[in-house]
Every structure is written in C-alpha cells, then in structure tokens.
Amino acid sequence: MSWKHVPGRDNPADDISRGIKAEDLINRHRWWNGPHWLAQNESNWLTFIPSNDEGELADEERKAAQPITCTTIARAFSNTLFARYSSYHKLRRVVAYIFKYVRCLRTKAYSSQHPKKCRADNKRDVADTDIVEATITTEDLHQAEIALCKLAQQDTFDDEIHALTTGRQVSRASRLKWLRPYMDETGVLRVGGRLGNMTASHTVKHPIVLTATHPMAVLLATAYHLRLLHAGPQLLLATLRQRFWVIGGRNLVKSIYHRCLQCFKAKPTLVQQSVADLPESRVTPTRAFSVCGVGGLWEAAVKSAKHHLLRTIGTTSITYENMLTLLTQIESCLNSRPLVPMSEDPCDLEVLTPGHFLIGGNMQSSRY
C-alpha cells in the first residue's frame, strides 16, 4: 500500500476549514468533485515532493510556526541562564562582563575598519589586553540588571508586553490589569500607578514588575535578604518594593526567610524558666514617660539588634571598627522596618518607617 498526498491548493477540506461563503461554495468545483486530476488514471496523478515553494498557504503556516520556535529557544536560554547561578550578584556581574566584552569587540572592529576616523576622534585601538582586563562600572551593572529584568519579563508577561508595544491595553484577564503597566524607554515593564507627581525617585514611583514564580525574583529576594543582614519578611518586602514590584512577593519573602539555613540555626530554643518578680520601676505608679527606657520597648529593640548580630557574625570576634560598622548597618535596618501594615496597592505611598521621622525617607532607598 502506498500513500498519496493532496497539496493544499487542491484540498477541498480547506474550503470549509479556512471559511467560505455559502454562495461561493456552490460554484466551487473542487468541493463538489475533488481535485480535477483525481478523476484521471492513477498514472496521471500528481507526484508531490515537499519543497519550499508550496504556495501562500504553506508560507503562512511556516511564518506562524517561527515565533513559537523562537520563544521556545529564548525560554530555554533563560531557564539555563538563571539556573546556572545561585547568586544574583554573580549573575549580574557575569552578564555585565559579557556586555563589556561585546562592546570592546565592536569598538575594536570599528577602529580596524575606520582607522582614520578613530584617529580624528582621538579614539585609540582596543587591544586584546583591554578586552580581558576591562573592569565593570556601576553603569555596566545597571545595564546588566535591566537586561535580566527584561529577560524575566519576556518569560512571564509576553502577552502583556506585546499588547503594550502595539499600543493596546493589557487583557482584562491579565494579572497586571490593576497595576496600569507601561513600557519605559529601555523596554522594561513598570508599574504605572498614580504617583507621577511624587517627589521620590523614578524607581520608587514606578518599580519594575516581576513575578514570584520566576527565578529572577528568587535570586533578588535572596540577595536582599543577605544584604539586609538576614532581615525578616517585613523589612525584606519593604526594601524590595523600593525598586521591584513582585507579584506574590509576600509569600516569596516568607519562603526565603524560612529556608535560610543561617536564620534557622540562629533561632533560639525555647526553655521554660522560672519567672522572677518584675522590677520596682515596672510596678510603681508614676507619671507617663517618667521611666521610659526600662520597659519592654528597649528590650524588644535589643532583641531585634541581636537578631541581625547573631545571624551575621555569630560568635566570631571582630575589631572595634568592624563592630561599629556592623552596628551602624543594623541601626539602618531597624530604622527601615515598616511601622504599619504594607498595602498591596502600588498606587499607595511607600510604607512609613522610623527613617521617615529621622531623615525624611526610607534609609534603604539610597543604598540600592
């Protein structure tokens, strides 16, 4: 038994599957009689050999299949890239070095092709040693971070990005419909909101949108947790929102905190002890605030400071200067903790912290 093939231009099933009016179907010969060569002797049937010129229908099918293949390749590259590194800072530096290397190669190629113009512009040729020994700058790190964010957004918000770039609004079924998202000049998806007239920085008013299920958000939350000296979920989420709006971020920061091995080891073991009498200052009636500093507030502050201290150095002995620097960082973390519950609405102002009373803003916003 041998199988034959009917090309798309002679296939009567295409008349129905691709749509046709009823009045046109009456006069459509191939629908009522099939291909004209099918009524001839079998020796006269077409011998079809697949080729690249099958007609417009085949071209449309190939064009429709190309974006799917490209998306699969792009996502496979993204998954490999983010799975290769467990540290966000290392990943960012690697990407920065790649961009730096590519720029050096382009500069060298341009200078070799246009030596006279480079000499006129006082541009020297880029040597191989410059390519290898080139150091990265803060601008290089920033560009690498933007590239990583764009890659993560393409994995999770591809439909929304396509809609915004074509001048349309996001779908009503999108997770971003309440965030009023927009694309900035670098092609990054940011929260729109209603804080355009706010005096804060652009990143605070319009944070970058990410989702908690993407490895990029996990790496970011882990890096911030370590930089904040093993901060708790509230401080971690408040600091993250200074630059990134992570959908599902509250559950993410809780997961990062509870999975941290250092934080788990530093949890004290509860031991039931006999309770002594309260001190005299705690039970003697006095005027308000006359004995401030000996009550539970100071004890809670000491406990919070030990939280960061034990998770950072443990029982390690350090110098006086290092201890002073560490305590200053801990002070900044304690004064950056939210005083009120954080809102899930990106249009609300940033959460109130003790730093707003001390310096007029969040103490962590300038560090990142």
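Since this is a predicted model, take the numbers as computed values, not measurements. (Residues numbered from 1 in each chain as written. Predicted model: local features only at pLDDT ≥ 70, side-chain atom pairs only at ≥ 80, totals over all residues. Heavy atoms only, no water.)

Participant: I tried to follow the nonpolar core on my own but got confused; where do I start?
Facilitator: A general feature of soluble globular proteins is that nonpolar side chains tend to end up buried together. Phe82, Leu91, Leu148, Met216 and Phe244 are the most contacted members of the largest nonpolar core, which has 46 residues in total. The residues contacting Leu148, other than those within four sequence positions of it, are Leu81, Phe82, Tyr88, Leu91, Arg92, Val95 and Met216. Judged by nonpolar contacts, the second largest core, of ten residues, contains Ile161, Leu164, Leu189 and Val209. (Core = buried A, V, L, I, M, F, W, Y, C linked by side-chain atoms within 4.5 Å. Buried < 20%, exposed > 50% of the residue type's maximum accessible area, 1.4 Å probe, protein only. Contact = heavy atoms within 4.5 Å.)

Participant: Sorry, what's going on with the pattern of salt bridges here?
Facilitator: Proximity of charged atoms lets side chains of opposite charge pair with each other. Taken as a whole and judged by the stated rule, the model has seven salt bridges. As a salt-bridge pair, Lys100 and Asp140 come within 3.5 Å of each other at their nearest N and O atoms. Taken together, the positions of Lys100 in helix H5 (residues 88-113) and Asp140 in helix H8 (residues 138-156) put the pair 40 residues apart, joining distant regions of the chain. Under the relative-accessibility criterion, Lys100 is labelled buried at 19%. With relative accessibility at 6%, the residue Asp140 sits in the buried group. One salt bridge in this structure joins Arg103 and Asp140, with 2.7 Å as the shortest N-O distance. Residue Arg103 is located in helix H5, and its partner Asp140 is located in helix H8; the two are separated by 37 residues in the primary sequence. Here the salt bridges do not stand alone but share partners, grouping Arg92, Glu145 and Arg243 into one network. (Salt bridge = Lys/Arg side-chain N within 4 Å of Asp/Glu carboxyl O. Helix = DSSP H or I, 4+ residues; strand = E, 2+ residues; numbered from the N terminus.)

Participant: It is not clear to me how the packing of aromatic side chains should be interpreted in this structure. Could you clarify?
Facilitator: Both the distance between ring centres and the angle between the ring planes are used here to describe each pair of aromatic rings. By the definition in use, this model includes zero aromatic pairs. Over the face of the ring belonging to Trp245 we find Arg241, whose NZ or CZ atom lies 4.4 Å from the ring centre. (Phe/Tyr/Trp six-rings, centres within 6.5 Å; stacked < 30°, edge-to-face > 60°. Lys NZ or Arg CZ within 6 Å of the ring centre and 35° of its normal.)

Participant: I would appreciate a short explanation of the layout of surface pockets in the present structure.
Facilitator: Any empty space left between the atoms is revealed when a probe the size of a water molecule rolls over them. One number sums up the size of the largest pocket: a volume of about 460 Å³. When residues of the lining of the largest pocket are traced back to their parent elements, those giving at least two are helix H12 (233-240) and helix H16 (296-312). In terms of residue count, H16 provides more of the lining of the largest pocket than any other element does, eight residues in total. The residue makeup of the lining of the largest pocket, split by class, is eight nonpolar, five polar and five charged. (1 Å grid on protein atoms, 1.4 Å probe; cavity = no way out; pocket = protein on both sides within 12 Å on 5 of 7 lines; lining within 4 Å. Points joined across faces, edges and corners; volume = space filled by probe spheres on them. Nonpolar A, V, L, I, M, F, W, Y, C, P; charged D, E, K, R; others polar.)

Nothing here speaks to function; it is geometry throughout.
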